[in-house]
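One letter stands for each residue in the lines below.
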Amino acid sequence: MSDRLAVLFQYLLPKQALTTIAGKLAERAAGSLTTHVIRWFVQRYGVDLSEAANPDPASYRSFNEFFTRPLRAGARPLADAAFLCPVDGAISQFGGIEGDQMFQAKGHRYSTAALVGGNRQLAARFENGAFATLYLSPRDYHRIHMPVDGRLTRMIHVPGELFSVNPTTARGVPGLFARNERVVCVFEAEFGPFVLTLVGATIVGSMATVWHGTVNPPRVREIREWLYDDPQIVLKKGDEMGRFLLGSTVVMLFPKDALCFNPAWAPARPIRMGEMMANPAERCGLTPGGSGDSSGRT
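Note that the structure is predicted; figures quoted are calculated from it, not measured.

Visitor: Quick question: what am I supposed to make of the overall build of the protein here?
Guide: Each helix and strand in the protein was counted, giving 9 helices and 18 strands. Expressed as a percentage of the 298 residues in the protein, the buried residues total 54%. Partitioning the intrachain contacts of the protein with sequence separation of at least 6 by distance along the chain shows that 76% fall at a separation of at least 24. Accessible area for the protein stands at about 13,500 Å²; split by element, carbon and sulfur atoms hold 52% of it.

Okay, structure coming up:
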């Protein structure tokens, strides 16, 4: 069966309604029923609760509390690297942005402008830059951390679809990550701007950031934007910046000649928060205004 046929049913599903219902159920404190669901989920998806700050399934008041569980101290040591991987999960795609086009999957590309909600001025700052798309499966730790020190400048909530974001759907739905609902977080770093985008999906009850709290719901029809000038919000490398309620995807954008990716990275490779993601461009033979390979291959 082709990937497009495999995802055909998703076009017909009432995805918004299902997600709303799932979000409300996941928030409920249902005692032994909640514990039963958590135990089933742990077994079904192979969740490693030994890494959790609280490994007892019966201690979580709601499924959401379990799903956004913090890790125990020391579970994710931070690598001595300039750019850290912000999440647990698997690499979907990464590499250079060709003009304003990013690779989604075989036969599919989409633009940086579409990802950030149509803001071409913002998107232009990443022309011929680099991107990374990282997929969080249901079994993964679902808090998102900073890949590098950054000062928050704006947050954009872009309404959209709620397709699944698993690899099959990425191959079968054109422009998936620019079609789904998303929260675009824009930061300034020493090397310039970078974007960290939280992409929603079917049954993803909400997305939240540490400075704002829950961004969605509400789910609205218009793009919403927040600017952050005073007071300044600065987050350090490795700090938590947000979280998903149920699994999804993170898409990052970096400007031209800012970095080169870890040469050990490859599509579908498992990743862990805190591992080395990239080196500064100058360590890889990339010079401002010059050419190079942002994938890290030299």
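We are not done yet, so read on.
Visitor: Mind showing me how you'd approach the packing of aromatic side chains here?
Guide: Two aromatic rings, taken as a pair, are described by how far apart their centres are and by the angle between their planes. Within the structure shown, the criterion is met by 20 aromatic pairs. Where F187 meets W211, the ring centres are 6.0 Å apart and the plane angle is 85°; that geometry is what we call edge-to-face. In this pair, F187 is assigned in strand β8 (residues 182–189) and W211 in the loop between β10 (206–209) and β11 (213–216), connecting sequence segments 24 residues apart. Like W211, F187 is buried. Among the aromatic residues, ring-to-ring pairing joins W40, F41, Y45, Y60, F63, F66 and F67 into one connected group. A cation over an aromatic ring shows up here: R44 above the ring of Y45, its NZ or CZ 4.8 Å from the ring centre. Its end group placed over the ring of F66, R69 keeps NZ or CZ at 4.7 Å from the ring centre.

Visitor: Where do I start with the sheet that holds strand β16 (residues 259–261) in this structure?
Guide: In a beta sheet, neighbouring strands pair by backbone hydrogen bonds and run either parallel or antiparallel. Read across the open sheet, the 3 strands follow the order β1-β18-β16; overall the sheet is antiparallel. Only two strands of the sheet have a single neighbouring strand rather than two, namely β1 (83–84) and β16. Looking at chain direction, β1 and strand β18 (residues 276–280) are connected through 2 bridges and run antiparallel. Bridge pairing in β18 places L84 opposite M276.

Visitor: Sorry, what's going on with the sheet that holds strand β14 (residues 240–245) here?
Guide: Judged by pairing direction, the sheet is antiparallel, and its 4 strands sit side by side in the order β6-β14-β10-β11 without closing on themselves. Among the strands making up the open sheet, the edge pair consists of β6 (143–145) and β11. With direction set aside, neighbouring strand axes in the sheet form an average angle of 25°. Of the pairings in the sheet, the one linking β6 to β14 comprises 3 bridges and is antiparallel in character. When the sheet's bridge partners are listed, I144 is paired in β14 with G242.

Visitor: How do you make sense of the environment of F261 when you look at a structure like this?
Guide: With respect to the helices and strands, the residue F261 is situated in strand β16. With 166 residues separating them along the chain, F261 and G95 place their C-alpha atoms 7.5 Å apart.

Visitor: Mind showing me how you'd approach the pattern of salt bridges here?
Guide: Side-chain pairing between opposite charges can occur once the charged atoms of the two side chains come close. All chains considered together, the criterion is met by 9 salt bridges. Residue E51 pairs with R272 through a salt bridge whose shortest N-O separation is 3.3 Å. One end of the pair, E51, is in the loop between α4 (32–45) and α5 (63–67); the other, R272, is in the loop between β17 (270–271) and β18, with 221 residues separating them in the sequence. Residue classification places E51 among the buried positions, given a relative accessible area of 15%. In this structure R272 comes out as partly exposed when scored by relative accessible area, which is 39%. Through salt bridges with shared partners, a single ionic network connects E51, R76, D88 and R272.

Visitor: Looking at this structure, how should I read the nonpolar core?
Guide: Proteins that are soluble and globular tend to have nonpolar side chains buried together. With 39 residues, the main nonpolar core has F187, W211, M241 and W265 as its most contacted residues. Setting aside its immediate chain neighbours within four residues, W211 contacts L152, M155, C185, F187, Y228, I233, L235 and M241. Counting residues in each nonpolar core, the second largest holds 28 residues, with V116, L122, I156 and V158 among its members.

Visitor: What should I look at first to understand the side chain of S62 in this one?
Guide: Here S62 is to be found in the loop between α4 and α5. Judged by relative accessible area, which is 3%, S62 ranks as buried. In contact with S62, not counting residues within four places along its chain, are A26, E27, R28, T34 and I38.

What counts as what
- Residues numbered from 1 in each chain as written.
- Predicted model: local features only at pLDDT ≥ 70, side-chain atom pairs only at ≥ 80, totals over all residues.
- Heavy atoms only, no water.
- Helix = DSSP H or I, 4+ residues; strand = E, 2+ residues; numbered from the N terminus.
- Buried < 20%, exposed > 50% of the residue type's maximum accessible area, 1.4 Å probe, protein only.
- Contact = heavy atoms within 4.5 Å.
- Areas by Shrake-Rupley, 256 points an atom, 1.4 Å probe, with all protein chains shown as cover.
- Phe/Tyr/Trp six-rings, centres within 6.5 Å; stacked < 30°, edge-to-face > 60°.
- Lys NZ or Arg CZ within 6 Å of the ring centre and 35° of its normal.
- Pairing = 2+ DSSP bridges.
- Axes fitted to C-alpha atoms, helices over the stretch in contact; angles between N-to-C directions.
- Salt bridge = Lys/Arg side-chain N within 4 Å of Asp/Glu carboxyl O.
- Core = buried A, V, L, I, M, F, W, Y, C linked by side-chain atoms within 4.5 Å.

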